[in-house]
Amino acid sequence: MTTAGKRLTILSNSEIEILYRIPSFSTEERTFYFSLDESEKIEMDLLKSLESRVYFILQLGYFKYKSMFFNFTSLEEVKEDVEYILKQYFQNSNVKKMISKQTRSDNNSKIIKILSYKYFDKEAEKKVIEKTSQYSKICVDPRLIFDHLLDYLEQERISIPGYSTLQKIISKTLLEESGFCGSVAFEES
């Protein structure tokens, strides 16, 4: 069986779901993650619309929790968090619509800057490939390498990319550097 164009199965579907799903906060967690320090309040106050402000607080809290941004197609998906934010910061207000893709992108860039993070970009990808290569010389367990990469991204304050991005990097590195194939599960890419 050829492994060209295939990726190692590193996480189970339930593990991927746990890592990449929108956070489900308790009341205490909402209080913690959706609280704003002074610089965050200033940045939020510069935003024009109520929707933009709510989305900013929402993604800021999620990013503080998981170092990644989440896409959702309706406010219904994050209803409890939106209600909490409205009650905390914008009493007697209501948010009905989503913000534009450009506004989401602008807000996310502000969050990255405020929290002193970097986007997972081509430069970060090169560093992650180097780290993967280093880790693969010590260990060929894809899951352990994946976990080490998450730790590395957190230490370097780089946003976490999608699962398939890390999966491709780890698969390619292990296949190239150690001829790894054995009896491991592969997925079509």
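Above this text sits the structure in question.
Definitions and limits used
- Residues numbered from 1 in each chain as written.
- Predicted model: local features only at pLDDT ≥ 70, side-chain atom pairs only at ≥ 80, totals over all residues.
- Heavy atoms only, no water.
- Salt bridge = Lys/Arg side-chain N within 4 Å of Asp/Glu carboxyl O.
- Helix = DSSP H or I, 4+ residues; strand = E, 2+ residues; numbered from the N terminus.
- Buried < 20%, exposed > 50% of the residue type's maximum accessible area, 1.4 Å probe, protein only.
- Phe/Tyr/Trp six-rings, centres within 6.5 Å; stacked < 30°, edge-to-face > 60°.
- Core = buried A, V, L, I, M, F, W, Y, C linked by side-chain atoms within 4.5 Å.
- Contact = heavy atoms within 4.5 Å.

Trainee: Quick question: what am I supposed to make of the pattern of salt bridges here?
Mentor: Where side chains of opposite charge bring their charged atoms close, a pairing between them can arise. Applying the stated rule across the entire model yields ten salt bridges. Measuring nitrogen to oxygen at the nearest pair gives 3.1 Å for the salt bridge that ties K64 to E40. Residue K64 is found in helix α4 (residues 50-66), and its partner E40 is found in helix α3 (residues 38-45); the two are separated by 24 residues along the sequence. Residue classification places K64 among the partly exposed residues on the basis of a relative accessible area of 28%. For E40, a relative accessible area of 3% puts it in the buried group. A salt bridge links E43 to K110; the nearest nitrogen and oxygen atoms lie 4.0 Å apart. Residue E43 is located in helix α3, and its partner K110 is located in helix α6 (residues 101-114); the two are separated by 67 residues in the primary sequence. Since its relative accessible area comes to 21%, E43 is described here as partly exposed. In this structure K110 comes out as partly exposed when scored by relative accessible area, which is 27%. Salt bridges linked by common partners bring E15, R143 and D147 together as one network.

Trainee: I would appreciate a short explanation of the packing of aromatic side chains in the present structure.
Mentor: Aromatic rings in a pair are described by how distant their centres are and how their planes are angled relative to each other. The final tally for this structure, using the stated rule, is 15 aromatic pairs. Ring plane angle 85° and centroid distance 4.9 Å describe the contact between F32 and Y33, whose orientation is recorded as edge-to-face. Overall, the relative accessible area of 58% leaves F32 in the exposed class. In this structure Y33 comes out as buried when scored by relative accessible area, which is 16%. Seen from their ring centres, Y33 and Y65 are 5.2 Å apart, and the 80° between their planes marks the pair as edge-to-face. Taken as a pair, Y33 in helix α2 (residues 27-33) and Y65 in helix α4 lie far apart in primary sequence, 32 residues in all. By the ring-pair criterion, three or more aromatic residues cluster together here, those being F25, F32, Y33, F34, Y62, Y65, F70 and Y84.

Trainee: Quick question: what am I supposed to make of the nonpolar core here?
Mentor: One recurring pattern in soluble globular proteins: nonpolar side chains tend to sit buried together. Residues Y20 and F146 are the most contacted members of the largest nonpolar core, which totals 53 residues. Those elements that place two or more of their residues in this core are α1 (13-20), α4, α5 (79-89), α6, α7 (122-138), α8 (142-155) and α9 (163-178). When neighbours within four sequence positions are excluded, Y20 is seen to be in contact with K66, M68, F70, F146, I160, P161, G162, Y163 and L166.

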